[in-house]
Amino acid sequence: MKCTRCEGKAIISNPSLCANHFEEYILEKVKKTITDFGLFSKKDRVCVAVSGGKDSLALIDILTRLGYSVEGLFIDEGIANYREFSSLDLHTFMDKHNLPLRTVSFKEISGHTLDEAMNTGKFHACTVCGTIRRYLLNKYSKEYDVIATGHNLDDESQTVLINLARGNTDLLLRQGPKSTTSKYFTQKVKPLIFVTEKQLLTYAILRGIKTGFEECPYANTSYRAHLRDLLNEEESKHPGTKLNIINTYLELKQGLSKEDSDEKQIGICELCGEASQEHICKACKLVSEVKQLLD
Amino acid sequence: MKIYIERSKEHKEFEFKGTVQDLLNNLKIISETVLVVRQGTILTEDEQLTNEDTLKILSVVSGG
């Protein structure tokens, strides 16, 4: 297979590109996403939510190459034989590029790791992880203009289907390249929303970004893992399936009125002072349940 | 041919001649979920393979 830009040997298909033109293509694609959707500018301080996996490290690498000012925020859930490996890759990467990194952990706010909470048998891992992660990201990103996450086309197309299948209208309407603005939340942006997971691994390898293969031990229990396999099968048979899901979703969302896509009334949690739709936020409720069971 | 499948941490050795896509079909691996690497070079699905090749099949999926 030949590169469509230079006739050299392609390393990836759809589109067929050689190594040099593939890197160029990814940089162009991310730059276009940032510009078209007005995600942030070069004056903004960008906080990148990093896990140490290929997606977030590739995101930092791409944004740095495009000339943006980025810093990392790492959340340690406390998952043994998983997070310590990506944490090591992350610290090596950030040190090498001389980029600032802040680390916060689940244990800091609840006194317990995610593993300890899961050992009680009372929780669903992705619910606890998602709630506490969002809480910590918001709490520790207030000094920044935006939080950039490494969510890619695979993640987003899976989430559209999950929210459709489960009838999560509110969550569905909040999807897209950037969240709505609110005085309580730092705006979240997804510069990689049009890049597939396969393209990101290709980019990471070409750039020499070292990430081992570590899958979250709780991932296979999720509905997401099921949809991921289903979508990958469809994408192999019908290239462009994932992109079509996102583009159709964004087109439909554009047709909705502002009221439809606005977030619900936001207030302040009586316990922690962070944003909440109820008197007590979901994170405080979860932490309280974990403490009741384990302390 | 010698292959290493990263996701299942398996080493395999067998007789094979065909394209990358043929190999993935034989192994029942969806092409969208992996990168096939030979001597540090990423291969496209139409690349011809020989019995002498040593390949790594890297998993695209990571994280949670």
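Our structure's up above, just so we're on the same page.
Note that the coordinates shown come from a computational prediction; the quantities given were computed from them, not determined experimentally.

**Let's talk about the sheet that holds strand β5 (residues 41–43) of chain B**
Here comes step 1: Taken in spatial order, the five strands line up as β2-β1-β7-β4-β5 (chain B) in an open sheet, and their pairing is mixed. Each end of this open sheet is capped by a strand with a single partner; those strands are β2 (10–13) and β5 of chain B. Between one strand axis and the next, the sheet turns by 30° as a mean value, whatever way the strands run.
Here comes step 2: Alignment of strand β1 (residues 2–5) of chain B against strand β7 (residues 54–59) of chain B, held across four bridges, turns out to be parallel. Looking at β7 of chain B, one finds that I5 of chain B is bridged to I57 of chain B.
Here comes step 3: Relative to strand β4 (residues 34–38) of chain B, helix α9 (residues 197–206) of chain A is tilted by about 30°, and along the sheet it contacts β4, β5 and β7 of chain B.

**Focus on the pairing of strand β1 (residues 45–50) of chain A**
All names here are of chain A.
Here comes step 1: In terms of burial, β1 is largely enclosed, as five of its six residues are buried.
Here comes step 2: Direction of pairing for β1 relative to strand β2 (residues 69–76): parallel, over a ladder of six bridges. Paired with R45 across the bridge in β2 is S69.
Here comes step 3: Note on the crossover from β1 through helix α2 (residues 54–65) to β2: the handedness is right-handed.
Here comes step 4: As paired elements, β1 and strand β4 (residues 146–148) share three bridges and run parallel to each other. Looking at β4, one finds that C47 is bridged to I147.

How each quantity is defined
- Residues numbered from 1 in each chain as written.
- Chains lettered and ligands numbered in written order.
- Predicted model: local features only at pLDDT ≥ 70, side-chain atom pairs only at ≥ 80, totals over all residues.
- Heavy atoms only, no water.
- Pairing = 2+ DSSP bridges.
- Helix = DSSP H or I, 4+ residues; strand = E, 2+ residues; numbered from the N terminus.
- Axes fitted to C-alpha atoms, helices over the stretch in contact; angles between N-to-C directions.
- Contact = heavy atoms within 4.5 Å.
- Buried < 20%, exposed > 50% of the residue type's maximum accessible area, 1.4 Å probe, protein only.
- Right-handed = clockwise from strand over helix to strand, strands pointing away.

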